[in-house]
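In case you want the letters, here they are:
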Amino acid sequence: MTATAAPVNGLVPAVSEAARRAQRSARIRGIVIAALGLIAFGLASGSMTTDVTFKFWLQQQGKAFAQVDTSPGELWILAGIATGVTGIWQLWRGAAVRWRLWLVLWLPFWVIAIMGHLLVGQTAVLTNLFSSSLEYAFPISMGAFAAMICERSGMFDIAVEGQMLVGACAASIAGSMALQWLGPDAGTIAGPIVGPTVAALSGMAIGLLMAWLAIRYHVDQIISGTVVNFGALGLTNFMYLRVLQTYTDYNTPPTIEKIQIPLLADVPVLGPIFFQGTPYMYIGWIVMVVLTYFIFRTRWGLRLRASGEYPQAAATVGINVIAIRYRAMLLAGAIAGFAGSYLSLHSAGSFQMNMSAGKGWIAIAAMIFGAWNPIGAFGAALVFGFADAAQQLLSITGVDIPPQFLASVPYIMTVIVVAGVVGRVRGPAMAGQPYEQG
Amino acid sequence: MQVSKRLVALGATTAIIISACSGSSATTAPSAAASAAPTAAATAAASAAASAAASTAPSGAAASQNTNWVACVAFDTGGLGDKGFNDLAKKGLDEATAMGMTTHYSEAKGSTDYAANIQRLLDQGCQSIIAVGFNQQQAVQTAALANPKVDFGLVDSTWDPSGPDGKVGTADDIAQPANFTGLDFQIDQAAMLAGYLVGGWSKTGIMGTFGGQQFPGVTRFMDGYYAGIKYWDQEKGASVKLLGWDAVNQTGTFVNGDNPWGDAAKGESLASGFVDQGADVVGPVAGSTGNGSIKFMQSKGLWAIGVDTDQAISLPQYASAILTSAQKVIDAAVLDTFKANANGTAFAGGNYEGTLANGGVTISPFHDFDSQISADLKAGIDALKAKLIDGSVTVKDYLK
């Protein structure tokens, strides 16, 4: 869709201001991307003779591996080609290019080239880099899904952080209780079911409170969300210091173990990365697919989006906006609470003070980065997770770059996206606006 | 609108009150070992075993020991039963009772209760008060200045001279008074023995280590591992490597972030990262984060090194993966400090220094691995220990 519209009734077409702006920013984007391609070629020329070796476990950690011998120069050339093609395409097609999809084409090449550059002269196993990225992305992507459902319905969910924290605390206590009451045999099986369930319910309770305050009393959702976050922090700290430290048996939940998906786990190279994780990871992918389908392909999704974009119009065709918003808040609370249970039940887990550690806020950033779309949000969460995992790998292999630098990269990218420098993203129009049923 | 404002005010007030109740102790004490991850399986028997295992302290010159003394310990909130520092301090106190001293102890009810808790012990006529827990530093220092006739001690910490402005080297600095004893541990000596053990044990010749945050109390362990492995390499002409810590440049792998000490999932993933790069022993120095690492190593049939206390006892469910622990012998330190206070003798420099020589630091027993570690390796460890004690080998020499 180029900015020139067909002449109507012989008049000179009025190109809308918005379209012109979109065209201009698309051009800037194309120039920037093409320039990056040239930079990549420039970097390649200096590093063709050095070596770097990447290894991947075929099926099991520490057993047979696949090996790729390459040099940073070759990786930079690949990145340059991918980036250059994208840049030229962008310049040619202008605003019609869905640049976010094209990111998937060229950004990974850059990431691999940068890793190769930093790891030059070394042999590095990359399997854990990718599987850890997926693990770290889970709570962030689930939080992003929760916030997204709310905003699509016209509500803000600033309280993702608090819902996760309460979910983590509730999951640990409920899981431990199951273990205590049912004994070590039944409890070890029941705990991992009871814990996340209770976590989801506690998240829903917070969601209900927020929805009630916002819908019934028109409380500013930013303020009530902030209050809930502080309340959740205070409440869980109190539980930890006054109750769980004394009765430590109630903070000793059975943990959720990694499972290998039959057949898929044995696929060479990909099996150890994708199919040997915790059930949480698989649930995250399922939620992503289901949400994408439901939001964009079903009646429920259409109504959800309508009440977020233009609730008055939705109401005139008979949609109960209030009910939709309540349901969205409850669903979001359940997802955020469930994500919280991951924090305390995964690995050698137990509840710790403030263990959500800002993941709820990162989730909101990921939602914006992902343009209020489940797949986009998951991709954004993966960027955050990868930055974390890459920093880990580099420090283990002794590459000395300040950890704060890599950790800040996803945030810088989010700021760039939010500021609209490389393409504006727009959220639901009426998110956070109270709706008065007429 | 009126109603909504009131609701918000009510919510905000409640939040503030609840936060206030839980108090300032949101700053978790970064003890390097897991603070408490007990299971139902961990019984009193286990902690009794802990005491037995840890009592390697020399009893000292008991002949002229004054036992007419009131010795007391101020525990941290919820500290008793941690199978770690607090329980070991209790054991030191019990040994003081057995020697004939009068003893009292008291446990803080919350972080705002530290000063009052120490006052309760003063009211009971205590002549020595040792506080457990980094969080009590402020309370102990204030009490030490206010009560110059009573001896005070603080486990795993030394005097903080920074004064009200929080900066060292300014006019309002407060010097350490004679009645304060910091209980400090040269844990790098014990960690060096553990590193040497790994040198002989590792099948792949690679060990991994990481810390929660880059604090001196954390890197001291990592320095020790580095030095021990280097000593092994030089002695045997081997090329065992340590990943995650470069003692020369003082850079390495740290959890960092907002939850460095309690993120077991991250600990697991870090351990997996080390195993990916070939390590078969991991030494996490990161509190509960490290529990995830130990669990991962166990699930792979590999090994880990514990820190601070004998973690094969404090984490019995993972004992089958814990080769040994670089351990601070709190009970010996507490007892030795009481004895010195009672005799009116002061430690050199004003602080108790736990070393291999005085039994203040050690590597814990090998438990399940005792029969698997060769006699040669054990003899090598003993020889290195002797050299560290007589000073012919120092950790520093091996950090270059």
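Everything numeric here is computed off the predicted structure, so don't read it as measured data.

Some points on the overall build of chain A
Helix and strand content of chain A: 14 helices and three strands. For 438 residues, the compact-globule estimate of 2.2 N^0.38 gives 22 Å, and chain A sits close to it at 24 Å. Along the three orthogonal principal directions, the C-alpha set of chain A runs to about 70 × 65 × 40 Å. In chain A, buried positions account for 53% of the 438 residues. Taking the contacts inside chain A whose residues are at least 6 apart along the sequence as the reference set, 76% of them involve residues at least 24 apart. As displayed, chain A offers around 19,400 Å² of accessible surface, 69% of which is attributable to carbon and sulfur atoms. Counting 23 positive and 17 negative side-chain charges, chain A places the centres of these two groups 16 Å from one another.

A closer look at the confidence of the model for chain B
Detail in the predicted coordinates should be disregarded across regions flagged by low pLDDT. All names here are of chain B. Mean pLDDT for chain B: 82, with 83% of residues reaching 70 or above. Under a pLDDT of 50 for its full length, residues 19–30 has, in the predicted model, 23 contacts with residues more than four places off or in other chains. pLDDT under 50 marks residues 33–62. Its contacts with residues more than four places away, or in other chains, come to 45 contacts. Model confidence for the complex: the whole-complex pTM is 0.81, and ipTM, which rates the interface, is 0.83.

What about the nonpolar core?
Core analysis: the largest hydrophobic core is formed by 109 residues, its most contacted members being Leu119(A), Leu129(A), Met142(A), Phe145(A) and Phe351(A). For this core, the leading source of residues is helix H5 (residues 160–217) of chain A, giving 15 residues. Residues from two domains meet in this core; each of domain 1 (15–121) and domain 2 (129–421) of chain A gives at least three. Leave out the neighbours within four places in its chain, and Phe351(A) touches Leu165(A), Ala168(A), Cys169(A), Ser172(A), Thr236(A), Tyr240(A), Leu244(A), Asn251(A) and Ser344(A). Residues Phe85(B), Leu197(B), Trp261(B) and Ala279(B) belong to the second largest nonpolar core, which totals 93 residues.

Topic: the packing of helix H13 (residues 374–396) of chain A against helix H8 (residues 264–276) of chain B
When two helices pack together, their arrangement is captured by the angle between the axes and the distance separating the axes. In the contact formed by H13(A) and H8(B), the axes pass within 10 Å of each other and the chain directions differ by 45 degrees. With respect to each other, H13(A) and H8(B) are oriented oblique. Seen along the crossing, H13(A) lies across H8(B) with a hand that is right-handed. Mapping the contact onto sequence places Asp388(A), Gln392(A) and Ile396(A) in H13(A) and Lys266(B), Ser269(B), Leu270(B), Gly273(B) and Phe274(B) in H8(B).

What counts and how
- Residues numbered from 1 in each chain as written.
- Chains lettered and ligands numbered in written order.
- Predicted model: local features only at pLDDT ≥ 70, side-chain atom pairs only at ≥ 80, totals over all residues.
- Heavy atoms only, no water.
- Helix = DSSP H or I, 4+ residues; strand = E, 2+ residues; numbered from the N terminus.
- Rg over C-alpha atoms; globule rule 2.2 N^0.38 Å.
- Buried < 20%, exposed > 50% of the residue type's maximum accessible area, 1.4 Å probe, protein only.
- Contact = heavy atoms within 4.5 Å.
- Areas by Shrake-Rupley, 256 points an atom, 1.4 Å probe, with all protein chains shown as cover.
- Lys, Arg positive; Asp, Glu negative; His and termini not counted.
- Charge placed at Lys NZ, Arg CZ, Asp CG, Glu CD.
- pLDDT = per-residue confidence, 0-100.
- Core = buried A, V, L, I, M, F, W, Y, C linked by side-chain atoms within 4.5 Å.
- Domains from an automatic or database assignment.
- Axes fitted to C-alpha atoms, helices over the stretch in contact; angles between N-to-C directions.
- Parallel < 35°, antiparallel > 145°, perpendicular 65-115°, else oblique.
- Left-handed = near helix turned anticlockwise from the far one by under 90°.

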